[in-house]
Amino acid sequence: MKLYWAPPMASLAVLILAYETDRTLELVPMDMESRRMPNGLLLSQINPKNCMPVLERDDGSILTETAVILDWLAAQDPQLRLTAPAHSEDHMRITEWMVFFASEQHKLATLLFWDIDETAKLAVRTRVIERFEPSEKALETSHFLVGNRLTIADLYLLVMVRGSIHLFEGFDPEIEYPRLNAWMERVVARPAVQRAMRDHGLGDAVH
Ligand SMILES: N[C@@H](CCC(=O)N[C@@H](CS)C(=O)NCC(=O)O)C(=O)O
């Protein structure tokens, strides 16, 4: 399988999941400015939505949308319980979190790469950061977002927090969201996460 990726974006969650499930993905880097791959192919030629990440499966079919890629990949190894059976309560909760991250934080954060003015950038920052509050609250009573075990919802949240630290200068979850910060330290310490961060070009054992 091939993962078309661009750091420090959501493709990191897919790579972590691949390592959690002991799978090998061929990484194809994408230049987000030109939206071209090293071989000159345009992102839109692979994904008409012109968005990352993109997973090309072994049969050549293309899967898009972070939440869907994560769910499909996790479902290949049901015994690991990184997702849950379709239509179960846990699956609904996992999906609920992922749709929230996708629509209320991820897409909003990507506006920073668009041609918007400083006032709009500040509004994006405020909205994205304040939307970590539900996660902070959920982590008051559980070690993870769903079912007290690591799931793909946690992987999506991880890239939202790390992406926000990268994008929003001065955002420090240790100060603003202590439970989220403690959760992040636990998740980041996992060998699969450390390995994915290194392979994703984020340097050594980054926090
Ligand atoms: N709906 C997509 C959106 C992902 C997304 O916004 N990806 C960013 C990179 S992390 C992107 O492609 N941005 C380019 C754009 O929005 O035009 C998903 O959930 O995967």
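Conventions used here
Residues numbered from 1 in each chain as written. Predicted model: local features only at pLDDT ≥ 70, side-chain atom pairs only at ≥ 80, totals over all residues. Heavy atoms only, no water. Buried < 20%, exposed > 50% of the residue type's maximum accessible area, 1.4 Å probe, protein only. Helix = DSSP H or I, 4+ residues; strand = E, 2+ residues; numbered from the N terminus. Arc of directions from axis to C-beta. Contact = heavy atoms within 4.5 Å. Domains from an automatic or database assignment. Buried area = accessible area lost by both parts, 1.4 Å probe. Salt bridge = Lys/Arg side-chain N within 4 Å of Asp/Glu carboxyl O.

### Regarding helix α9 (residues 178-188)
Taken together, the buried positions of α9 are occupied by L180, N181, W183, M184, V187 and V188. All buried residues of α9 lie within an arc of 165° about the axis, which places them on one face of the element. Along its buried surface, α9 packs onto α6 (133-138), α7 (152-167), α8 (173-176) and α10 (191-199).

### A few points about the domain arrangement of the chain
Under the domain assignment used here, the chain contains domain 1 (2-75) and domain 2 (89-190). Here domain 1 and domain 2 have C-alpha centroids that lie 20 Å from each other. Across the boundary between the two partners, domain 1 contributes 14 residues, which contact 13 residues of domain 2. Here domain 1 meets domain 2 over a buried area of about 1,200 Å², counting both sides, of which 76% is carbon and sulfur. Our count for the domain 1 to domain 2 interface comes out at 1 salt bridge. Across the pair E20 and R190 runs a salt bridge, and its minimum N-O distance is 2.7 Å.

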